[in-house]
Amino acid sequence: MTEKKQLKVKSIRNGTVIDHITANRALSVLNILNLPDNETSMMVAINVESPDMEFKDIVKIENRELSSDEVDKLVLLAPQATINIIRDYEITRKAQLELHDEITGVISCSNPNCISNSNEPIETKFYVQNREPVELRCHYCERTMDLDDIESQF
């Protein structure tokens, strides 16, 4: 019997692992994180088999933890993702992302005539119309935004 070889992705000593990203969305996730070009080591697995999701993406970022603003954006692109904080090669914290019913101040409305895009001192607000795929409705003008509209802002 021949033994199957498996390619293993290197463990990281410290940093963040974003797991259970919807397949083929890892590059969009990296885009919203605005990582420095040559200062951060990253590993990306795209479209890998998963017992939970059929296929998924994984992103490992060494020596960096996500800010709350980054997590707020991440949940819009990968609402089923989990975030693992790694310290000394061990998972010290694991969090399942949660898409709330209302999103405030994270993205802009795609309607250029929406009052939230004027000089008025108001914060953007959206209601979640659909969770998979993500679809949002603007509180002010009621424009519906799909994943492509959301992704284009990052």
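Residues numbered from 1 in each chain as written. Predicted model: local features only at pLDDT ≥ 70, side-chain atom pairs only at ≥ 80, totals over all residues. Heavy atoms only, no water.

## What about the pairing of strand β5 (residues 90-96)?
In step 1: For β5, the buried fraction is low: 0 of the 7 residues fall into the buried class.
In step 2: Relative to β5, strand β4 (residues 82-87) is paired through 6 bridges, and the arrangement is antiparallel. Looking at the pairing, Arg87 lines up with Glu90 of β5.
In step 3: From the end of β4 to the start of β5, which pair antiparallel, there are 2 residues, and Asp88 there has a positive phi angle of about 55 degrees. (Buried < 20%, exposed > 50% of the residue type's maximum accessible area, 1.4 Å probe, protein only. Helix = DSSP H or I, 4+ residues; strand = E, 2+ residues; numbered from the N terminus. Pairing = 2+ DSSP bridges.)

## Quick look at the confidence of the model for the protein
In step 1: Overall, the prediction assigns the protein a mean pLDDT of 90, with 94% of residues at 70 or greater.
In step 2: Here helix α1 (residues 26-33) stands out as the element of the protein with the lowest mean pLDDT, 90, in contrast to strand β9 (residues 144-145), whose mean of 97 is the highest. (pLDDT = per-residue confidence, 0-100.)

## Structural notes on the sheet that holds strand β1 (residues 15-22)
In step 1: The strand order β2-β3-β1-β4-β5 describes an open sheet built from 5 strands, whose pairing is antiparallel. Two strands bound the open sheet, and with one partner strand each, they are β2 (42-50) and β5. Within the sheet, the average angular offset between the axes of one strand and its neighbour, ignoring direction, is 20 degrees.
In step 2: Direction of pairing for β1 relative to β4: antiparallel, over a ladder of 5 bridges. Each bridged residue has a counterpart across the sheet, and for Asp19 the counterpart in β4 is Thr82. (Axes fitted to C-alpha atoms, helices over the stretch in contact; angles between N-to-C directions.)

## A closer look at the sheet that holds strand β8 (residues 134-138)
In step 1: Ordered in space as β6-β7-β8-β9, the 4 strands form an open sheet in which the pairing is antiparallel. Unpaired on one side and paired on the other, β6 (102-104) and β9 mark the two borders of the sheet.
In step 2: Note: β8 against β9, 2 bridges, orientation antiparallel. In the sheet register, Arg137 faces β9, and the bridge partner there is Thr144.

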